[in-house]
Amino acid sequence: MIVHIALILAVALAGGLFLLLTGRRQRDQQRTRLDVNRELYEQRKLELVQEREDGLLTDNAFERANAELDKRFVTENSELEQLHDQQVGRNIWLPAVLLVVLTIVLYSLFGSWSLQRQADEAVQALPELGKKVLTNDNAQTTREELETFALGLRQRLAREPNDAVAWLVYARSMTALGQLEQAIEAYKKSLQIEPNRIGTLLSYTQLLLQTGDDSMMPEAASLLRRVLEQEPSNQEGLSLLGFVAFQRGDWQQAITAWELLLQQIPETDERYQPVATAVADAKQRLQATELELTVTVDVAEASKALIPEGATLFVYVRAAEGPGMPAAVVRQPVTEFPVTVTLSDANAMLPDYRMSQLNQWQVMARISADEQIDAAEGDLDATPVIIEPATTTVRLEIK
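Residues numbered from 1 in each chain as written. Predicted model: local features only at pLDDT ≥ 70, side-chain atom pairs only at ≥ 80, totals over all residues. Heavy atoms only, no water.

The protein chain is annotated in an unreviewed UniProt entry as C-type cytochrome biogenesis protein CcmI from Pseudidiomarina tainanensis.

A. Spotlight on the nonpolar core. Grouped together as the largest cluster of nonpolar side chains are 52 residues, with contacts concentrated most on Tyr170, Tyr204, Val244 and Trp258. Residue assignment for this core shows that the elements contributing at least two residues are α4 (143-159), α5 (164-176), α6 (180-193), α7 (198-210), α8 (217-230), α9 (235-247), α10 (251-262) and α11 (272-289). The contact partners of Tyr170, leaving out residues within four places of it in the chain, are Ala150, Leu153, Arg154, Leu157, Gln182 and Ala186. Counting residues in hydrophobic clusters, the runner-up holds 29 residues, among them Val297, Ala311, Leu313 and Ala319. (Core = buried A, V, L, I, M, F, W, Y, C linked by side-chain atoms within 4.5 Å. Buried < 20%, exposed > 50% of the residue type's maximum accessible area, 1.4 Å probe, protein only. Helix = DSSP H or I, 4+ residues; strand = E, 2+ residues; numbered from the N terminus. Contact = heavy atoms within 4.5 Å.)

B. Summary view of the environment of Gly242. As for its position among the elements, Gly242 is in helix α9. Sequence separation of Gly242 and Glu259 is 17 residues, and the distance between their C-alpha atoms is 9.2 Å. Those residues in contact with Gly242 that sit more than four places away from it in its chain are Ala254, Ala257 and Trp258.

C. Looking closely at the sheet that holds strand β1 (residues 293-299). Across the sheet, 3 strands lie side by side as β4-β1-β8; this open sheet has mixed pairing. At either margin of the open sheet sits one strand with a lone partner, and together these are β4 (339-343) and β8 (393-398). Each strand axis lies, on average, 25° off the axis of its neighbour in the sheet, ignoring direction. Note: β1 against β8, 6 bridges, orientation parallel. Across the sheet, residue Val295 finds its bridge partner in β8, namely Val394. (Pairing = 2+ DSSP bridges. Axes fitted to C-alpha atoms, helices over the stretch in contact; angles between N-to-C directions.)

D. Representation of the pattern of salt bridges within the structure. Applying the stated criterion across every chain, the model contains 11 salt bridges. With its nearest N and O atoms 3.5 Å apart, the salt bridge here joins Arg395 to Asp298. Pair noted here: Arg395 is in strand β8 and Asp298 is in strand β1, with a separation of 97 residues, a long-range link. Residue classification places Asp298 among the buried positions, given a relative accessible area of 18%. When salt bridges with common partners are traced through the structure, they connect Arg156, Glu160 and Asp163 into a single cluster. (Salt bridge = Lys/Arg side-chain N within 4 Å of Asp/Glu carboxyl O.)

E. Up close: the side chain of Thr200. Inspection of the secondary structure puts Thr200 in helix α7. Discounting chain neighbours no more than four positions away, the residues touching Thr200 are Leu168, Tyr187, Ser190 and Leu191.

F. Structural view of the packing of aromatic side chains. Going through the model one piece at a time under the given rule, you end up with 4 aromatic pairs. Relative to Trp251, the ring of Phe246 has its centre 5.1 Å away and its plane inclined at 70°; by these criteria the two rings are edge-to-face. Since its relative accessible area comes to 18%, Phe246 is described here as buried. Ring geometry for Phe246 and Trp258: centres 5.9 Å apart, planes at 40°, overall tilted. With Phe246 in helix α9 and Trp258 in helix α10, the pair connects residues that are 12 residues apart, well separated along the chain. Feature note: the residues Phe246, Trp251 and Trp258 constitute an aromatic cluster, connected by ring pairs. Note that Lys189 overlies the ring of Trp167, its terminal NZ or CZ placed 5.5 Å from the centroid. (Phe/Tyr/Trp six-rings, centres within 6.5 Å; stacked < 30°, edge-to-face > 60°. Lys NZ or Arg CZ within 6 Å of the ring centre and 35° of its normal.)

G. Fine view of the pairing of strand β5 (residues 361-368). Burial analysis of β5 places 8 of its 8 residues in the buried class, the great majority of the element. Neither face of β5 is left uncovered, since the one carrying Trp361, Val363, Ala365 and Ile367 and the one carrying Gln362, Met364, Arg366 and Ser368 both have all their residues buried. Bridge analysis of strand β2 (residues 312-319) against β5 gives 8 bridges, and the strand direction is antiparallel. In the strand pairing of β5, Phe314 is matched with Arg366. As defined by bridge partners, β5 adjoins strand β7 (residues 385-387) across 3 bridges and the pair is classed as antiparallel.

H. Examining the packing of α7 against α8 more closely. With their axes 9 Å apart at the nearest point, α7 and α8 run at an angle of 155° to one another. Looking at the two axes, α7 sits roughly antiparallel to α8. The hand of the α7/α8 crossing is left-handed. Facing Ile198, Leu201, Leu202, Tyr204, Thr205, Leu208 and Leu209 of α7, the residues of α8 in contact are Met217, Glu219, Ala220, Leu223, Leu224, Arg226, Val227 and Gln230. (Parallel < 35°, antiparallel > 145°, perpendicular 65-115°, else oblique. Left-handed = near helix turned anticlockwise from the far one by under 90°.)

I. Structural context of the environment of Gln263. Positionally, Gln263 belongs in the loop between α10 and α11. Separated by 30 residues in the primary sequence, Gln263 and Ser233 place their C-alpha atoms 9.8 Å from one another.

J. Broad picture of the environment of Asp163. Here Asp163 shows up in the loop between α4 and α5. Asp163 gets classed as buried once you look at its relative accessible area, which sits at 19%. Linking Asp163 and Ser190, residues 27 residues apart in sequence, is a C-alpha distance of 7.5 Å. Aside from chain neighbours lying at most four places away, what touches Asp163 is Arg156, Leu157 and Ile193.

K. Inspection of α7 at higher detail. Given a rise of 1.5 Å per residue, 13 residues ought to cover 18 Å, and the 18 Å separating the end C-alpha atoms of α7 matches this to within 8%. Among the 13 residues of α7, 10 are classified as buried, and the element is accordingly described as predominantly covered. Where α7 is concerned, the buried positions are Ile198, Thr200, Leu201, Leu202, Ser203, Tyr204, Thr205, Leu207, Leu208 and Leu209. Where the residues of α7 are buried, they touch α5, α6, α8 and α9. Phi turns positive one or two residues past the end of α7, at Gly212, with a value near 70°. (Expected span 1.5 Å × (residues − 1).)

Next up, the structure:
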């Protein structure tokens, strides 16, 4: 579309530039002839004055010759201007006509008239294409047909903007065409008109999940709550709610949603086994989050005198292999030893990096003089211990 419009503008500008240059060149040629004629006229004027001073012309003869010269100069200039006008007409009218014809042809092919014709044809084809697109006919819908269908829907929505179903269908068409931003806007318009249409809520949720954007998860969960408030046993709603909860790390909600779904579908259903596997995975993850590790830290007698005044004790768990960032940490002032602390996912430094996600735990303890967990000169460290996540207690000694 933009290319077509640019082509029309380019042709018009090129043609206008051609006419401008042609006209300017001919004006320059005309000025040259007039300048020569004026120089001859002024030279003859001076000659007549000189002839009168030399006594070759009487005053009467001088006046007659001077008047005749003026008359001839005016006549010749008039003839030159008429000739120039005729030449300009002959040299410019044909390119001008061709430019107008070419512009009209391009405009008719690519301009707003052509666009309107395409829009009208899309509206006419809307019923037939609608049957093919909406009923998922055996004949594969091509992208061109889908684009024509979407164009027809836009024309209809321009006339009937309060049709919630049309906005829903348009949103699904935009999704199929990969125009996700337009699809989202169309879903929003449909829900503004009919906020509780279950089909729209579910389709919009699927689109939000399709984006893969974690920031969309809260809105997706909100849409699903609206579905299940109306139909608590809606199978697609329960399936999607379990997925959203799983993505957000809410294992318990994922288990609840999927177990409700399993109660409604027979074991012979092809969906049953994948959902059952997902439930087992969520339960395992939930169990891991409930793990607690009790750590007892003591200090060797020889090292107690090295503990600086006002020191801080850090007890933490990190991956046995991989990043050195703690997955869980407890920080407290140094008091009497031994000290016993409990570590779990509740002590995570980041919400998306927790003890329950690690295959092995490296348990560490450090006495720091500068209140920073990072190693520094003068710190006292315990020998790290690597254990399996199923371990519930461990003992460390700072030497």
